[in-house]
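Summary of the model geometry
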Amino acid sequence: EAAGINATGPGAALGVRIVRLEQTLDQLNTSRGSEREVKDFIASTRTRLTDLRTAVETAETTPTAQRREIHSSISGELDRINKDIFARLGVKA
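Scope of this entry: the structure provided in the associated data block. Every residue gets a number counted from 1 within its own chain, in the order that chain's sequence is written. Totals for whole chains, interfaces and linings use every residue, but because this is a predicted model, local features are given only for residues with pLDDT of at least 70 and side-chain atom pairs only at 80 or more, for both listing and counting. Water and hydrogen atoms play no part in the side-chain values, which are based on all heavy atoms of the structure.

Looking at the overall build of the protein chain
Keep this limit in mind: By the criteria applied, helices consist of DSSP H or I runs no shorter than four residues and strands consist of E runs no shorter than two, each listed in order from the N terminus. For every residue, the accessible area (1.4 Å probe, protein chains only) is compared with the maximum for its type, and the residue is labelled buried under 20%, exposed over 50%, or partly exposed between those bounds. Only heavy atoms enter the contact rule, under which two residues are in contact if any of them lie within 4.5 Å. Only the protein chains shown count as cover for residues, and the accessible areas themselves come from Shrake-Rupley with a 1.4 Å probe. Charge convention: Lys and Arg are scored as positive, Asp and Glu as negative, and His as well as the terminal groups of each chain are ignored. The atoms used to mark charge sites are NZ of Lys, CZ of Arg, CG of Asp and CD of Glu.
In terms of regular secondary structure, the protein chain is built from three helices and zero strands. Taken along the three principal axes of its C-alpha coordinates, the protein chain extends 45 × 25 × 15 Å. Within the protein chain, the proportion of its 93 residues that are buried is 33%. If you take every contact in the protein chain between residues at least 6 apart in sequence, the share linking residues at least 24 apart comes to 67%. For the protein chain, the exposed area adds up to about 5,600 Å²; of that, 49% sits on carbon and sulfur atoms. Positive and negative charge centroids in the protein chain, built from 14 and 13 side chains respectively, lie 4 Å apart.

What follows is the structure in structure tokens.
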């Protein structure tokens, strides 16, 4: 179970990605959290990650085909968030 995410299989893997992104936001907050724009970015991204965490858990109760579609959508969103975070960190991802 990834930091309180109640999911199995692919859902659990998505949960791990969410936790890692949250940890990276913590690092960004430590290094640049005093910057207004960065602080706003961190807050809005945490909200997105919380929503995605809920979506992962909710998907656990859907039929397999639908769950795969939901997981694919969540994965794409996590890819975008990852890119946004690394851009803020000054890393080309």
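Topic: helix α2 (residues 36-59)
Residues three or four positions apart in an α-helix share a direction because the helix packs 3.6 residues into each turn. For clarity, the cut-off: Between the first and last residue of a helix there are one fewer steps than residues, each counted as 1.5 Å, and that sum is the expected span.
End to end, α2 covers 35 Å across 24 residues, agreeing with the expected 34 Å (1.5 Å per residue, within 8%). Those residues of α2 that fall on the buried side of the exposure criterion are V38, F41, I42, T45, L49, L52, R53, V56 and A59. On its buried face, α2 is in contact with α1 (9-32) and α3 (64-88).

Comments concerning the packing of aromatic side chains
Counted only if it meets this: In summary, the pairing rule links any two rings of Phe, Tyr or Trp, Trp by its six-membered ring, whose centres are within 6.5 Å, and it sorts them by plane angle into stacked for under 30 degrees, edge-to-face for over 60 and tilted for everything else. In our convention, an over-ring charge means Lys NZ or Arg CZ found within 6 Å of a ring centre and within 35 degrees of that ring's normal.
Under the definition given, this model contains zero aromatic pairs. If you follow R88 out to its NZ or CZ, it ends over the ring of F41, 4.3 Å from the centre.

Observations concerning the nonpolar core
Rules: Residues belong to a common nonpolar core when they are buried Ala, Val, Leu, Ile, Met, Phe, Trp, Tyr or Cys residues joined through side-chain atoms within 4.5 Å.
I18, L49, L52, V56 and L78 are the most contacted members of the largest nonpolar core, which has 17 residues in total. Listing elements by their share of this core, those giving two or more residues are α1, α2 and α3. At six residues, the largest contribution of residues to this core is made by α2.

Brief notes about the side chain of E22
You can see E22 is positioned in helix α1. On the accessibility criterion, E22 (18% relative accessible area) is buried. Beyond its immediate chain neighbours, meaning those up to four positions away, E22 contacts R46, L49 and R53.

A word on the pattern of salt bridges
Side chains carrying opposite charge are able to pair once their charged atoms draw close together. Put simply, the test is: For salt bridges, the criterion is a side-chain nitrogen of Lys or Arg within 4 Å of an Asp or Glu carboxyl oxygen.
If you walk through the whole model with that rule in mind, you get nine salt bridges. Where E77 meets R48, a salt bridge forms, and the shortest distance between an N and an O atom there is 2.6 Å. With E77 in helix α3 and R48 in helix α2, this residue pair connects regions lying 29 residues apart in the sequence. One salt-bridge network, in which partners are shared between bridges, spans R48, E77, R80 and D84.

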